[in-house]
Amino acid sequence: MAVLVAILLAVLVAAAVLVAASMFSSAKDKRESPLATFRSGWAGRKNPDADQRAAAAAAAVEPVDLSLAQFLRETVDEGEAYLQVDDLAATLQRAKEKATGVLPGHRDR
């Protein structure tokens, strides 16, 4: 009996999370909201042929033969790096100062 109550509670919590997620999704995402995706999946369980056709179409696409080196050469980004050394150094310095400030009896050396 306790197992059934736990399962029922888990299903109710999952349903509440699904409804809450669909309520908080933005207007442009309504087409792709969690609730709409769940509904389409639930409706599609009766007709799995549509999924199989989509999978077959994806499998029929001609693969691209490209080496990793060629891919990296063609997709190189000459822009500013995501991480800057100066920013990292400043962050590490602040972290060190905070850490040494909380350690009892530790003086900055």
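Structure: above.
Residues numbered from 1 in each chain as written. Predicted model: local features only at pLDDT ≥ 70, side-chain atom pairs only at ≥ 80, totals over all residues. Heavy atoms only, no water.

(A) Main features of the overall build of the protein chain. A count of helices and strands for the protein chain gives 5 helices and 0 strands. When burial is assessed residue by residue, the protein chain has 4% of its 109 residues classed as buried. Entry remark: accessible area of the protein chain is about 10100 Å², with carbon and sulfur atoms responsible for 64%. (Helix = DSSP H or I, 4+ residues; strand = E, 2+ residues; numbered from the N terminus. Buried < 20%, exposed > 50% of the residue type's maximum accessible area, 1.4 Å probe, protein only. Areas by Shrake-Rupley, 256 points an atom, 1.4 Å probe, with all protein chains shown as cover.)

(B) Inspection of the packing of helix 1 (residues 2-24) against helix 2 (residues 34-44) at higher detail. Put simply, helix 1 and helix 2 touch, their axes get as near as 7 Å, and they point 125° apart. Judged by the inter-axis angle, helix 1 sits oblique to helix 2. In contact with Leu18, Ala21 and Ser22 of helix 1, helix 2 contributes Pro34, Leu35 and Phe38. Broken down by class, the residue content of the contact of helix 1 with helix 2 amounts to 5 nonpolar, 1 polar and no charged. (Axes fitted to C-alpha atoms, helices over the stretch in contact; angles between N-to-C directions. Parallel < 35°, antiparallel > 145°, perpendicular 65-115°, else oblique. Contact = heavy atoms within 4.5 Å. Nonpolar A, V, L, I, M, F, W, Y, C, P; charged D, E, K, R; others polar.)

(C) Seen up close, a nonpolar patch on the surface. Together, Met1, Val3, Leu4, Val5, Ile7 and Val11 give the surface a local cluster of nonpolar side chains, amounting to about 660 Å² of exposed area. Along the polypeptide, Val5 turns up in helix 1. (Patch = residues over 30% accessible without salt bridge, like charges linked within 9 Å, V, L, I, M, F, W, Y side chains within 5 Å. Salt bridge = Lys/Arg side-chain N within 4 Å of Asp/Glu carboxyl O.)

(D) Expanded view of the side chain of Thr100. Relative to the elements of secondary structure, Thr100 occurs in helix 5 (residues 85-102). Here the side chain of Thr100 touches Glu97 through a polar contact of 3.1 Å, landing on its backbone oxygen. (Polar contact = N/O pair within 3.5 Å; in protein donor to acceptor, adjacent residues only side chain to side chain.)

(E) Just the environment of Thr91, in detail. If you trace the backbone, Thr91 turns up in helix 5. What makes Thr91 partly exposed here is its relative accessible area of 41%. One polar contact links the side chain of Thr91 to the main-chain carbonyl oxygen of Asp87, over a distance of 2.8 Å.

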